[in-house]
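# Understanding the architecture of this molecule
As a plain string of letters, each chain reads:
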Amino acid sequence: MRVELLFWAGCPSYPQALSDLREVLREAGLDPDSVIVREVESEAGAATERFVGSPTIRIDGVDVQPPGDEPVGLTCRVYRRRDGRVSPTPDPADLRDALRDASLTPVLPAPSSSLPSTRTRA
Amino acid sequence: MTAIGERAPTFALPDTSGAYHEPGGAPATVVVFTCNHCPYALAWHERIAERYPRDSAEAMKVRVERGELDGVPYLRDESQEVARDYDAKTTPDIFVLDADGILRYRGAPDGDHDDPSQQAAWLRAALDAVLEGRAPDPPETPPVGCSIKWKE
C-alpha cells in the first residue's frame with residue numbers, strides 16, 4: 001500500500017494533515033513513517049501531479065476525498081468534515097475509510113506468461 | 001508596515017457592484033483580507049461576518065448574492081496594493097481601526113479556525129475595546145490562514 005501526502009509550502013495545514021494521517025495509520029497497525037511526503041513547488045508540477053490543493057492525500061493513487069472538477073494549482077484545499085464544517089484538512093474518518101477501502105481491495109495474481117509479472121487491482 | 005497605534009493606510013476599493021468604499025466614517029472599522037477559496041477564511045467567515053455583518057470578481061458577486069456577506073462591503077483589491085500597504089500575510093488577516101483610522105488590533109479572529117465556539121473572540125474583544133475607547137488586549141495576534149499569493 002502506497003500512502004502519499006502532497007503539499008504546497010504556502011499552505012500551513014499539511015503538518016496537521018500529516019499528523020492525522022500518521023495517527024490513523026498507527027491505529028490500523030501500520031507504520032506511520034511509511035507516508036511518502038512530497039512537495040509540489042510549481043504550477044507545472046501541480047498540473048503534472050493533478051494536484052488540486054494542499055494537502056492532498058492519496059492511498060494507492062486514490063484521493064481520500066475525490067476532488068471532482070476542482071482545478072489544479074498551488075493553493076490550500078478546502079475539505080468538508082462529516083459534520084459539514086469547512087476544514088483545511090480531511091476528516092480523519094475519511095482517512096480511516098480510505099485506508100480500509102484500500103486494504104480490502106483485492107490484489108489479483110499476475111497471469112502466467114513469459115512477460116514480467118504485474119500486479120493489478122480489481 | 002503599520003504598527004499598532006499608527007494611522008492605517010487609506011484606500012478606495014470597489015465592491016461587487018462597482019461602488020467604491022473607503023475606511024473611516026464610523027466609530028470603528030474592520031478590514032479583513034480574505035479569499036473566496038481559502039479553507040481558513042471560509043472556516044472563520046461566519047464568525048467574522050456574524051458579529052457586525054475561486055478569486056474572481058464573478059465569484060465574489062455570487063457570494064454577495066447568496067447573502068454570505070450579510071451587507072458587509074466585499075471589496076476587490078485587484079492590484080493587491082492595499083494588501084501590500086497593510087502588509088497582510090494570510091487570509092484571513094484582520095485589522096481593526098478606530099474612528100481616527102488608527103490601527104488598534106491586527107491578527108486572527110480567534111485562537112482556532114476549527115472551533116466555532118470561539119466565536120471570533122479576539123475580534124469581538126478588540127472591537128468592544130475600540131468602541132469603549134480602550135486599547136485592545138492583546139493588540140496583536142499572529143495571523144493564521146492561507147499565505148497570500150502575490151502577483152508578480
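Given the structure is predicted, the values throughout are model-derived calculations rather than measurements.

A few words on the overall build of chain B. Assigned secondary structure in chain B consists of 4 helices and 7 strands. Across its three principal directions, the C-alpha atoms of chain B cover 40 × 35 × 30 Å. Out of the 152 residues belonging to chain B, those deemed buried represent 33%.

So, about the sheet that holds strand β5 (residues 93-98) of chain B. Residues and elements named next belong to chain B. Read from one edge to the other, the open sheet built from 3 strands follows the order β3-β5-β6, with strand pairing classed as antiparallel. Two strands in the sheet have a free side with no partner beyond their single neighbour: β3 (28-33) and β6 (103-107). Averaged over all adjacent pairs, the angle separating strand axes in this sheet is 15°, with direction ignored. Here 4 bridges tie β5 to β6, and the two strands are oriented antiparallel to one another. When the bridges of β6 are listed, V96 appears paired with Y105. Those strands touched by helix α4 (residues 121-131) are β3, β5 and β6, and its axis lies near 10° from that of β5.

Residue and element names in this part refer to chain A. Ordered by their spatial adjacency, 4 strands build an open sheet running β2-β1-β3-β4, and the pairing between neighbours is mixed. Taken across any chain shown, the strands that pair with only one partner, and hence form the sheet edges, are β2 (36-39) and β4 (62-63). Here strand β1 (residues 3-7) pairs with strand β3 (residues 56-59) via 4 bridges, running antiparallel. Across the sheet, residue V3 finds its bridge partner in β3, namely I59. In the packing of helix α1 (residues 14-27) onto the sheet, the strands contacted are β1, β2 and β3, and the crossing angle to β1 comes to about 170°.

Here the focus is the confidence of the model for chain B. Caution applies to low-pLDDT parts of the model: their predicted coordinates are not meant to be read in detail. On average, chain B scores 87 in pLDDT, and the residues at 70 or more come to 91%. Mean pLDDT in chain B bottoms out at helix α2 (residues 57-65) of chain B, which sits at 70, and peaks at β6 of chain B, which reaches 97.

Buried residues dominate β6 of chain B, accounting for 5 of its 5 residues. Turn length for the β5 of chain B-β6 of chain B hairpin, with the two strands adjacent in sequence and antiparallel, is 4 residues, and the turn residue G101 of chain B shows positive phi of about 80°.

The next point concerns the nonpolar core. The nonpolar side chains of a soluble globular protein tend to be buried with one another. Residue and element names in this part refer to chain B. Of all hydrophobic cores here, the largest spans 55 residues; its most connected members are F95 and V96. Here this core takes 6 residues from helix α1 (residues 39-51), the largest share from any one element. Apart from residues lying up to four places away in sequence, V96 is in contact with A28, V30, R104, Y105, A126, L127 and V130.

Residue and element names in this part refer to chain A. Here α1 crosses helix α3 (residues 92-104) at 45°, and the two axes come no closer than 10 Å. When the axes of α1 and α3 are compared, the pair comes out oblique. The handedness of the crossing between α1 and α3 is right-handed. Taken together, the residues of α3 that come into contact with α1 (itself represented by D20, L21 and V24) are P92, L95, R96 and L99.

The rules behind each value
- Residues numbered from 1 in each chain as written.
- Chains lettered and ligands numbered in written order.
- Predicted model: local features only at pLDDT ≥ 70, side-chain atom pairs only at ≥ 80, totals over all residues.
- Helix = DSSP H or I, 4+ residues; strand = E, 2+ residues; numbered from the N terminus.
- Buried ≥ 20, exposed ≤ 12 C-beta atoms within 10 Å, placed from the backbone.
- Pairing = 2+ DSSP bridges.
- Axes fitted to C-alpha atoms, helices over the stretch in contact; angles between N-to-C directions.
- Contact = placed C-beta atoms within 7 Å.
- pLDDT = per-residue confidence, 0-100.
- Core = buried A, V, L, I, M, F, W, Y, C linked by C-beta atoms within 7 Å.
- Parallel < 35°, antiparallel > 145°, perpendicular 65-115°, else oblique.
- Left-handed = near helix turned anticlockwise from the far one by under 90°.

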